[in-house]
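Letter by letter, the chains look like this.
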Amino acid sequence: MQLVIAEKPSVGRSVASVIGATEKKDGYLEGNGYIVTWCIGHLVQLASPDKYDSKYGTKISEWSFSTLPILPEHWKFVVSSTTKQQFQVIQELMQDSRVDEIICATDAGREGECIFRYVYEKIGCTKPCKRLWISSMEDKAIREGFSNLRPDSDYDNLYAAGLCRAKADWLVGLNSTRLFTCRYGTLLSIGRVQTPTLAMIVQRDYDVKHFVKQKFFTVELDCGTFVASSERIDEEESAKNIAESCSGKTATISEIKKEIKTVNPPKLYDLTTLQREANRQYGYTALTSLRLYAVFI
């Protein structure tokens, strides 16, 4: 029997409906030679500093410059307290004697690979594993994915890249947060991604508020039935020079290109496209769209 592990319950249910695992169990679905379960995001994550040594503390009052930087020699992983129950479900299924092979069906990317590998390694599972690599949740894409499963070892480098990024986030984020919090006496959350992103937003907001209109010029050629315009020109003198050099001259069309194109009707929405369209049309967040999607399927 094959154990399929998805990243989210909605994805797990979609996969299960295609491969015939329709019998509902506690935290998973079963049927047709498959068991399908899910991770609910990060079940396992890098341990916080206090898990390495109590001197690092958990409260701001316990943080100090003397303990920085925090550089783990051996990285530790812990099970998230909020999703411990689902972790136990997966652990029992991985250790189930009926399961002889595992299929990683988390999202196709570094993050999805890490979510699965953290759980697999935390449990200490050694059963063979294959990878389902799909970017659409349409039934056809899922069937094609299952007919083209690959050894999960083919994605070792992808996992290494994701793990490296996670460690970088930990080192930069936790050390910088503690450093600036101790320096200024108030909690200042610093992150490898969030801080430069916030700086870009602040800069953009400043640019909008202090926007100064700038003139630009275009040169137009009156062709009788239509008008041809140049691109924007910053310097007025340059625009005048172009206009003067063209004045009284004859314009010649050097090439006409005609194409006949066939446009196929758009494909049915996959989950990602549906979330993007729902946000554009109705302002729904990705989570809201996902919940509605889960209800209707």
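Calculation rules
- Residues numbered from 1 in each chain as written.
- Predicted model: local features only at pLDDT ≥ 70, side-chain atom pairs only at ≥ 80, totals over all residues.
- Heavy atoms only, no water.
- Helix = DSSP H or I, 4+ residues; strand = E, 2+ residues; numbered from the N terminus.
- Rg over C-alpha atoms; globule rule 2.2 N^0.38 Å.
- Contact = heavy atoms within 4.5 Å.
- Areas by Shrake-Rupley, 256 points an atom, 1.4 Å probe, with all protein chains shown as cover.
- Salt bridge = Lys/Arg side-chain N within 4 Å of Asp/Glu carboxyl O.
- Buried < 20%, exposed > 50% of the residue type's maximum accessible area, 1.4 Å probe, protein only.
- Pairing = 2+ DSSP bridges.

Q: If you had to explain the overall build of the protein to someone new, which residues and values would you point to?
A: In terms of helices and strands, the protein carries nine helices and 11 strands. Computed over the C-alpha atoms, the radius of gyration of the protein is 28 Å, more than 25% above the 19 Å expected from 2.2 N^0.38 for a compact globule of 297 residues. For the C-alpha atoms alone, the extent of the protein along its principal axes is close to 90 × 60 × 35 Å. Taking contacts inside the protein between residues at least 6 apart in sequence as the whole, the part at least 24 apart equals 65%. Working note: accessible area of the protein is about 20,000 Å², and carbon and sulfur atoms make up 53% of it.

Q: Residue-level account of the pattern of salt bridges, with values.
A: This model, assessed by the stated rule, comprises 19 salt bridges. Of the charged contacts, one joins Lys209 and Asp205 as a salt bridge, the two residues approaching to 3.4 Å between their closest N and O atoms. One end of the pair is Lys209 and the other is Asp205, both in helix 6 (residues 194–209) and four residues apart, which spans about a single turn. Taking relative accessible area as the criterion, Lys209 reaches 63% and is therefore assigned exposed. Residues participating in the shared-partner salt-bridge network are Glu113, Arg117, Arg131, Asp152 and Asp156.

Q: Describe in detail the pairing of strand 7 (residues 101–105), supporting the description with residues and values.
A: Among the five residues of strand 7, five are classified as buried, and the element is accordingly described as predominantly covered. Residues Glu101, Ile103 and Ala105 line one face of strand 7 and the alternating positions Ile102 and Cys104 line the opposite face, and both faces are buried. As judged from the five bridges shared by strand 1 (residues 2–6) and strand 7, these two strands associate in the parallel manner. Paired with Val4 across the two strands is Ile103, which belongs to strand 7. Pairing geometry for strand 7 and strand 8 (residues 129–131), over three bridges, is parallel.

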